[in-house]
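Understanding the architecture of this molecule
Each chain is listed here by its residues.
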Amino acid sequence: MGNARLRSIHVHPVKSFRGVSPREAVVEPWGLAGDRRWTLIDDGGKVVTRREQPRLALAAAEPLPGGGVRLSAPGREPLEVAVPEPAATVAVDVFGTEVAAVPASGTAHAWCSAHLGEDVRLVHMDEPGSRRPLDPEFARPGETVSFADGYPLLLTGAASLGALNELIARGEHAAEGPLPMNRFRPSVVVEGTEPWAEDGWSALSIGEVDFRVARPCARCVVTTTDQDTTRRGREPLHTLARHRRTGGRLLFGQNLVPLAPGTIRVGDPVRVLS
């Protein structure tokens, strides 16, 4: 572990949109600053993700000063969306949990709806410190999260992806590999470790920031979606089911919770604390 380093950082301002890869990022208690503070919802208030809408892989979101976002997608004029003024909130269903959020402008709803070909609304989480508690089974008192699937950060290992791609190359769907890391939408990618080393970590530091490992990350159909074409295949779920199945969950990566705020930078040393 002496040579373990932070290889890359990934911030996704809008859930399920493409994001950005800054050289540094502020770590807040609920995740990287600006990460997944926005999401799309359907007419019933349910979060819309790439599980239902693979075309979200073609839409991109860049952060703007003040917390706004710049949306772009093929064939559409980019749109800058400001953080909405505090107003009446709407109830958002995030995988069965109700979360309050503030709707964006009608222009933003129309832009997103036109891209997907269905009626959706864009909403913003105004108070991430109180809106959405972590799953109590794996949380400590007061821990919260943005619109991320379940935890503030997701860590993956470059060596683990290499090992997974080697397994895919020997399997019946070898033509689908090798897979890029963007299939897994991590917050941070580490390098300089052995494959699957992160499975044994319970606490670590990245530069000046300490984290605890909440639990391994179970993977879903989103990982089978080609980020450039939106076509879906069998991998990596087929290979994960054979080699990385635990209790019905197909695992790749570790979910992290920050123990204190700070700033992380590409190249920062990664140290295992326990």
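As a reminder, the structure under discussion sits directly above these lines.
Here is a short report on the structure shown in this document.

Definitions and limits used
Residues numbered from 1 in each chain as written. Predicted model: local features only at pLDDT ≥ 70, side-chain atom pairs only at ≥ 80, totals over all residues. Heavy atoms only, no water. Helix = DSSP H or I, 4+ residues; strand = E, 2+ residues; numbered from the N terminus. Buried < 20%, exposed > 50% of the residue type's maximum accessible area, 1.4 Å probe, protein only. Contact = heavy atoms within 4.5 Å. Areas by Shrake-Rupley, 256 points an atom, 1.4 Å probe, with all protein chains shown as cover. Lys, Arg positive; Asp, Glu negative; His and termini not counted. Charge placed at Lys NZ, Arg CZ, Asp CG, Glu CD. Phe/Tyr/Trp six-rings, centres within 6.5 Å; stacked < 30°, edge-to-face > 60°. Lys NZ or Arg CZ within 6 Å of the ring centre and 35° of its normal. Pairing = 2+ DSSP bridges. Axes fitted to C-alpha atoms, helices over the stretch in contact; angles between N-to-C directions. Patch = residues over 30% accessible without salt bridge, like charges linked within 9 Å, V, L, I, M, F, W, Y side chains within 5 Å. Salt bridge = Lys/Arg side-chain N within 4 Å of Asp/Glu carboxyl O. Polar contact = N/O pair within 3.5 Å; in protein donor to acceptor, adjacent residues only side chain to side chain. Expected span 1.5 Å × (residues − 1).

Scanning the protein from N- to C-terminus turns up 3 helices and 19 strands. Across its three principal axes, the protein shows a C-alpha extent of roughly 50 × 40 × 35 Å. For the protein, the proportion of its 274 residues judged to be buried stands at 51%. At a minimum sequence separation of 6, the contacts of the protein that also span at least 24 residues come to 69%. Of the roughly 12000 Å² of accessible surface on the protein, a fraction of 49% belongs to carbon and sulfur atoms. Measuring between centres, the 32 positive side-chain charges of the protein sit 4 Å from its 33 negative side-chain charges.

This structure, assessed with the given rule, holds 2 aromatic pairs. Through a chain of ring-to-ring contacts, the aromatic side chains of Phe184, Trp196 and Phe252 assemble into a single cluster. The positively charged end of Arg244 is found above the aromatic ring belonging to Trp196, 4.0 Å away from the centroid.

On to the sheet that holds strand 7 (residues 69-73). An order of 6-7-8 is seen for the 3 strands of this open sheet, with the pairing classed as antiparallel. Each end of this open sheet is capped by a strand with a single partner; those strands are strand 6 (60-63) and strand 8 (76-81). Each adjacent strand pair in this sheet contributes to an overall mean axis angle of 20°, direction not counted. Across 4 bridges, strand 7 lies against strand 8 in antiparallel orientation. Bridge pairing links Ala73 to Arg76 in strand 8.

With an omega dihedral of -10°, the bond running from Gly177 to Pro178 counts as a cis peptide bond. Mapped onto the fold, Pro178 is located in the loop between helix 2 (158-169) and strand 13 (188-191). For the peptide bond that leads from Glu235 to Pro236, omega is 15°, which places it in the cis range. Looking at the element boundaries, Pro236 is found in the loop between strand 15 (209-218) and helix 3 (237-243).

Within strand 7, 4 of the 5 residues are buried, which leaves the element mostly enclosed by the surrounding structure. Bridging between strand 6 and strand 7 involves 4 bridges; their strand directions are antiparallel. Within strand 7, the position partnered with Ala60 by the bridge is Ser72. Following strand 6, the chain reverses through 5 residues before pairing antiparallel with strand 7; Gly66 in that reversal takes a positive phi of roughly 90°. Hairpin connection of strand 7 to strand 8: 2 residues between the antiparallel strands, including Gly75 at a positive phi of 80°.

As a further point, take a negative patch on the surface. On the surface, a cluster of negative charge is contributed by Asp43, Glu52, Glu118 and Asp119. Locating Glu118 in the fold gives a position in the loop between helix 1 (106-116) and strand 11 (121-124).

To continue, consider the sheet that holds strand 18 (residues 262-265). Spatial ordering of the open sheet is given by 3-2-18, a layout of 3 strands whose pairing is antiparallel. Each edge of the open sheet carries a strand with a single partner, namely strand 3 (31-32) and strand 18. Pairing of strand 2 (residues 24-28) with strand 3, which is carried by 2 bridges, proceeds in the antiparallel orientation. The partner of Glu28 across the bridge, within strand 3, is Gly31.

A few words now on helix 1. Listing the buried residues of helix 1 in full gives Ala108, His109, Trp111, Cys112, Ser113, His115 and Leu116. Turning to helix 1, the residues buried within the fold contact strand 4 (38-41), strand 5 (47-48), strand 7, strand 8, strand 10 (97-103) and strand 11. Positive backbone phi, at 75°, marks Gly117, one or two positions downstream of helix 1.

Our next topic: the side chain of Arg50. Structurally, Arg50 can be placed in the loop between strand 5 and strand 6. The side chain of Arg50 is buried and forms no salt bridge, while Asp226, the nearest opposite charge, is found at 9.0 Å. Among the polar contacts made by the side chain of Arg50, one reaches the main-chain carbonyl oxygen of Ser16 at a distance of 2.7 Å. When neighbours within four sequence positions are excluded, Arg50 is seen to be in contact with Ser16, Phe17, Arg18, Leu56, Ala57, Arg185, Val222, Gln227 and Arg232.

What follows concerns helix 2. Taking 1.5 Å per residue, 12 residues should reach 16 Å; helix 2 reaches 17 Å between its end C-alpha atoms and fits that length. Of all the residues in helix 2, the buried ones are Ala158, Ser160, Leu161, Ala163, Leu164, Asn165, Leu167 and Ile168. As for helix 2, its buried residues are in contact with strand 1 (5-9), strand 12 (153-157), strand 13, helix 3 and strand 17 (249-258).

Here we take up the pattern of salt bridges. Throughout the structure, instances matching the rule amount to 11 salt bridges. Across the pair Asp149 and Arg51 runs a salt bridge, and its minimum N-O distance is 2.7 Å. Of the two residues, Asp149 is situated in the loop between strand 11 and strand 12 and Arg51 in the loop between strand 5 and strand 6; the sequence distance between them amounts to 98 residues. One salt-bridge network, held together by shared partners, links Lys15, Arg51 and Asp149.

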